[in-house]
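# Structure assessment
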Amino acid sequence: MSVRPSAAGPTAPREAAVRARVPLTLDRAERRLPAELVTFRGLPDAGEHVACLLPGGGGSGGRDENGTGSGGVPLVRLHSECLTGDVFGSTRCDCGPQLDEALRRISAEGGAVLYLRQEGRGIGLYNKLDAYLLQGAGTDTFEANRLLGRGTDERDYAAAAAMLRALGLRRVRLLTNNPDKVRQLSDHGIHVEDTVPTRVHLTRENAAYLAAKAHLGRHTLTLPAETAR
Ligand SMILES: Nc1nc2c(ncn2[C@@H]2O[C@H](COP(=O)(O)OP(=O)(O)OP(=O)(O)O)[C@@H](O)[C@H]2O)c(=O)[nH]1
Ligand SMILES: [Zn+2]
């Protein structure tokens, strides 16, 4: 079979495509959730990002005829990898409870969790752990990155946008308190129809981290007045 170059020419960016769809049952967030893990080829970076598709009807919420809730626009979370919180249940951050919340809420109405391999806001696991050692005594989560010579948030959501396009999801409702995710997805041509706030999973141990996100980052989360600045 002969392969002809596309009409757009050899320099046109390659669109990402679905590589495989793997059915799984998740035993998570106190439920058993039917899911499909989707892998991709041609993503704009080298990360092994996956989409977890949740068909809807897996919780207390309803499911419309498209299986996607809210007028057919799916609820989507871009979840940045956090090995310490997601896997080991570290109490330093809110990532584990946020992932559980996302799986529970999205499985109720249908949508997807994109699990993005952007550990440590893009600086990687080892650097994040170094940053942990620097934190405390006046050094917050953002300042620690700067002391390591890194940006405060190095995440890029081009791969997330490419994954959504490959899945045919060009309009989404985004589960987040982080306006940068909304802005970047929009810049990459995904229409964010609505921003659905994630809950605030405040504990004594993660209070300083959440306070830094609210007061020094640009996250739209409201904390009780007494939470440390
Ligand atoms: N560099 C660094 N990364 C951290 C630290 N604590 C958590 N992270 C990473 O931060 C990422 C999660 O980002 P957050 O800022 O908590 O939340 P978000 O995903 O931007 O926002 P939401 O969508 O509202 O949850 C994960 O990749 C974590 O590994 C830290 O102290 N230093
Ligand atoms: Zn975390």
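Everything numeric here is computed off the predicted structure, so don't read it as measured data.

Time to look at the nonpolar core. Ala 112, Leu 114, Ala 160 and Met 163 are the most contacted members of the largest nonpolar core, which has 39 residues in total. Elements represented by at least two residues in this core include exactly β2 (31-41), β3 (50-54), β4 (75-80), α2 (95-109), β5 (111-116), α5 (158-166) and β6 (171-175). With six residues, α5 is the single largest residue contributor to this core. Ala 160 has contacts with Leu 78, Leu 114, Leu 116 and Leu 185, leaving out every residue within four places of it along the chain.

Below, the discussion takes up the site of ligand 1. Around ligand 1, 23 residues are found, and the nearest of them are Ser 80, Cys 82, Thr 176, Asn 177 and Asn 178. Residue contributions to the shell around ligand 1 peak at three residues, all from helix α3 (residues 125-134). For the shell around ligand 1, a count of residues per class yields six nonpolar, 11 polar and six charged.

Looking now at the sheet that holds β4. Sheet architecture is open: seven strands sit in the order β1-β2-β3-β5-β4-β6-β7, paired in mixed fashion. Each of the sheet's edge strands pairs with one partner strand only, and the pair in question is β1 (17-28) and β7 (191-196). Strand-to-strand twist across the sheet, computed as the mean angle between neighbouring axes with direction ignored, equals 30°. As defined by bridge partners, β1 adjoins β2 across 11 bridges and the pair is classed as antiparallel. Residue pairing for β2: Val 18 is matched across the bridge by Phe 40.

Moving on: the environment of Arg 121. Looking at where Arg 121 falls in the secondary structure, it is placed in the loop between β5 and α3. The spatial distance from the C-alpha of Arg 121 to the C-alpha of Thr 141 is 10 Å, given a sequence separation of 20 residues. Apart from the residues lying within four places of it in its own chain, the contact partners of Arg 121 are Ser 80, Asp 153, Glu 154 and Arg 155.

Another aspect to go through is the environment of Arg 104. If you trace the backbone, Arg 104 turns up in helix α2. In this structure, the C-alpha to C-alpha distance between Arg 104 and Gly 56, residues 48 residues apart in sequence, is 9.9 Å.

Looking at the protein, pLDDT values average 86 and 86% of them are 70 or higher. Counted against residues more than four places away or in other chains, residues 1-9, with its pLDDT under 50, gives two contacts. Low confidence marks residues 59-69, where pLDDT is under 50. Its contacts with residues over four positions away, or in another chain, come to 31 contacts. Note on the complex model: pTM 0.88, ipTM 0.97.

Scoring rules and cut-offs
Throughout, residues of each chain are indexed from 1 in the direction in which the sequence is written. Think of it this way: whatever chain is written first is A, whatever ligand is written first is 1, and the rest follow in order. Restriction of local features to residues with pLDDT of at least 70 applies here, the model being predicted, together with a cutoff of 80 or more for giving and counting side-chain atom pairs; totals for whole chains, interfaces and linings are based on all residues. Defined on buried residues, the nonpolar core groups Ala, Val, Leu, Ile, Met, Phe, Trp, Tyr and Cys residues joined through C-beta atoms within 7 Å. Three exposure classes are used, all based on how many other C-beta atoms lie within 10 Å of a residue's own C-beta (placed from the backbone): buried at 20 or more, exposed at 12 or fewer, and partly exposed between those limits. Here a helix means four or more residues in a row that DSSP labels H or I, a strand means two or more in a row labelled E, and each is numbered from the N terminus. Two residues form a contact once the distance between their C-beta atoms, set from the backbone, is within 7 Å. The C-beta atom of each residue is placed using the backbone, and any residue whose C-beta lies within 6 Å of a molecule or strand is treated as near it. In this classification, the charged set is Asp, Glu, Lys and Arg, the nonpolar set is Ala, Val, Leu, Ile, Met, Phe, Trp, Tyr, Cys and Pro, and all remaining amino acids, among them Gly, are polar. Here, any two strands with at least 2 DSSP bridges between them count as paired. Only the stretch in contact is used when fitting a helix axis, every axis being a line fitted to C-alpha atoms; angles between N-to-C directions are given from 0 to 180 degrees. The quantity known as pLDDT measures the predictor's confidence residue by residue, on a range of 0 to 100.

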